[in-house]
Amino acid sequence: MENITQAIQGIPLNHYILLSSIIFAIGVMGVLIRRNAIVIFMSVELMLNAVNLLLTAFSAYRGDASGQVFVFFIMALAAAEVAVGLAIIVMVYRNTNSADINVLNKLKW
Amino acid sequence: MNLFYLVAFLSIFFSLLVIFSKNPVHSVLYLIVTFFTFTIHYILLNAQFLAIVNFIVYMGAIMVLFLFVLMLLNLNEETEPLKPTLLKVMGVVAGMCLLVTLAGSLKALSVSEPVVLQNANLGLVKNLGKVLFNQFLLPFEISSLLLLSAMVGAVLLAKKEA
């Protein structure tokens, strides 16, 4: 285990923050440029994971276990969210026969 | 030290492939690889519990759920109508603006000390379990309620003619 954790010694915290920001921004771009509801959902998962990684890095940096417990709660919440969200997508598909979000513009105005 | 940068590059590369690949099934597969690189990040931070939970819950359960829904809905062909190019460019520009804002504020902060594991066995199951069942016992129990209600909601929503 020693030589594995040696691998991160000396990496600035900023690089972790930068990596998480980049992946979060990629998730935001995915939400903005795609029309398939499932791909949008996957982009949201990407954003959640970026935040998880950053919380873990902060937790290791500060030596405080609360951050990792929080990540565990976020994972439980993501599981619940995925179950309900995919059920909604299945229902939408059954009613409109596509997973295209532009069909769902009844609530737009 | 170089391992971190290699894995970080892989995470960014595969998450870009997730949002830019045309076929949704390919997106799911790339997302699985992205989550695997996140697992490697957790191992590098010596957060072994989170690495295993990420491996089992995300790569196992959630991604199988995504794949099942994609296969059930028969969306695995390239039938997705694309957004107009102008909207796509605007989306990418907006995402880049967010990234530049975050990176710029980071630069203004400019306190960048290296990550040093102060407590090497912080992320082990033994240590986290103690924290989870002492300090965070009530939220832990409430999360079981959340999962129960999510299960009931998913069944109700997905049932035909509810």
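Remember, predicted model here, so these are calculated numbers, not experimental data.

Parameters at a glance
- Residues numbered from 1 in each chain as written.
- Chains lettered and ligands numbered in written order.
- Predicted model: local features only at pLDDT ≥ 70, side-chain atom pairs only at ≥ 80, totals over all residues.
- Heavy atoms only, no water.
- Helix = DSSP H or I, 4+ residues; strand = E, 2+ residues; numbered from the N terminus.
- Expected span 1.5 Å × (residues − 1).
- Buried < 20%, exposed > 50% of the residue type's maximum accessible area, 1.4 Å probe, protein only.
- Contact = heavy atoms within 4.5 Å.
- Buried area = accessible area lost by both parts, 1.4 Å probe.
- Polar contact = N/O pair within 3.5 Å; in protein donor to acceptor, adjacent residues only side chain to side chain.
- Nonpolar A, V, L, I, M, F, W, Y, C, P; charged D, E, K, R; others polar.
- Axes fitted to C-alpha atoms, helices over the stretch in contact; angles between N-to-C directions.
- Parallel < 35°, antiparallel > 145°, perpendicular 65-115°, else oblique.
- Domains from an automatic or database assignment.
- Core = buried A, V, L, I, M, F, W, Y, C linked by side-chain atoms within 4.5 Å.

To continue, consider helix 4 (residues 85-109) of chain B. The end-to-end C-alpha distance of helix 4 of chain B is 36 Å, a good match for the 36 Å that 25 residues give at a rise of 1.5 Å each. The set of residues buried in helix 4 of chain B consists of G91, G95, L99 and L106 of chain B.

Before going further, it helps to spend a moment on the interface of chain A and chain B. Between chain A and chain B, the contact holds 76 residues from the first and 82 residues from the second. Summed over both partners, the interface of chain A with chain B buries about 7,600 Å², with 76% contributed by carbon and sulfur atoms. Inspection of the region where chain A meets chain B yields five residue pairs in polar contact (both at pLDDT 80 or more). Elements with a minimum of two residues in the side of chain A that touches chain B: helix 1 (2-6), helix 2 (13-33), helix 3 (37-62) and helix 4 (66-96) of chain A. Top contributing element to the side of chain A that touches chain B by residue count: helix 4 of chain A, with 23 residues. Looking at the side of chain A that touches chain B, its residues break down into 53 nonpolar, 16 polar and seven charged.

Time to look at the packing of helix 2 of chain A against helix 1 (residues 2-20) of chain B. In the contact formed by helix 2 of chain A and helix 1 of chain B, the axes pass within 9 Å of each other and the chain directions differ by 5°. The orientation of helix 2 of chain A relative to helix 1 of chain B falls into the category roughly parallel. On the side of helix 2 of chain A, the interface is formed by H15, Y16, L19, I22, I23, I26, M29, G30 and I33 of chain A, while helix 1 of chain B contributes F4, Y5, A8, S11, I12, S15, L16, I19 and F20 of chain B.

So, on to the domain arrangement of chain B. When its domains are assigned, chain B resolves into domain 1 (1-79) and domain 2 (124-162). Distance between the C-alpha centres of domain 1 of chain B and domain 2 of chain B: 23 Å.

Ranked by internal contacts, the top residues of the largest apolar core, which has 65 residues, are M63 and F66 of chain B. Elements with a contribution of two residues or more to this core: helix 2, helix 3 and helix 4 of chain A together with helix 1, helix 2 (24-44), helix 3 (48-73) and helix 5 (125-134) of chain B.

Residue and element names in this part refer to chain B. Within the secondary structure layout, M63 lies in helix 3. M63 gets classed as buried once you look at its relative accessible area, which sits at 0%. Discounting chain neighbours no more than four positions away, the residues touching M63 are V28, L31, I32, F35 and Y58.

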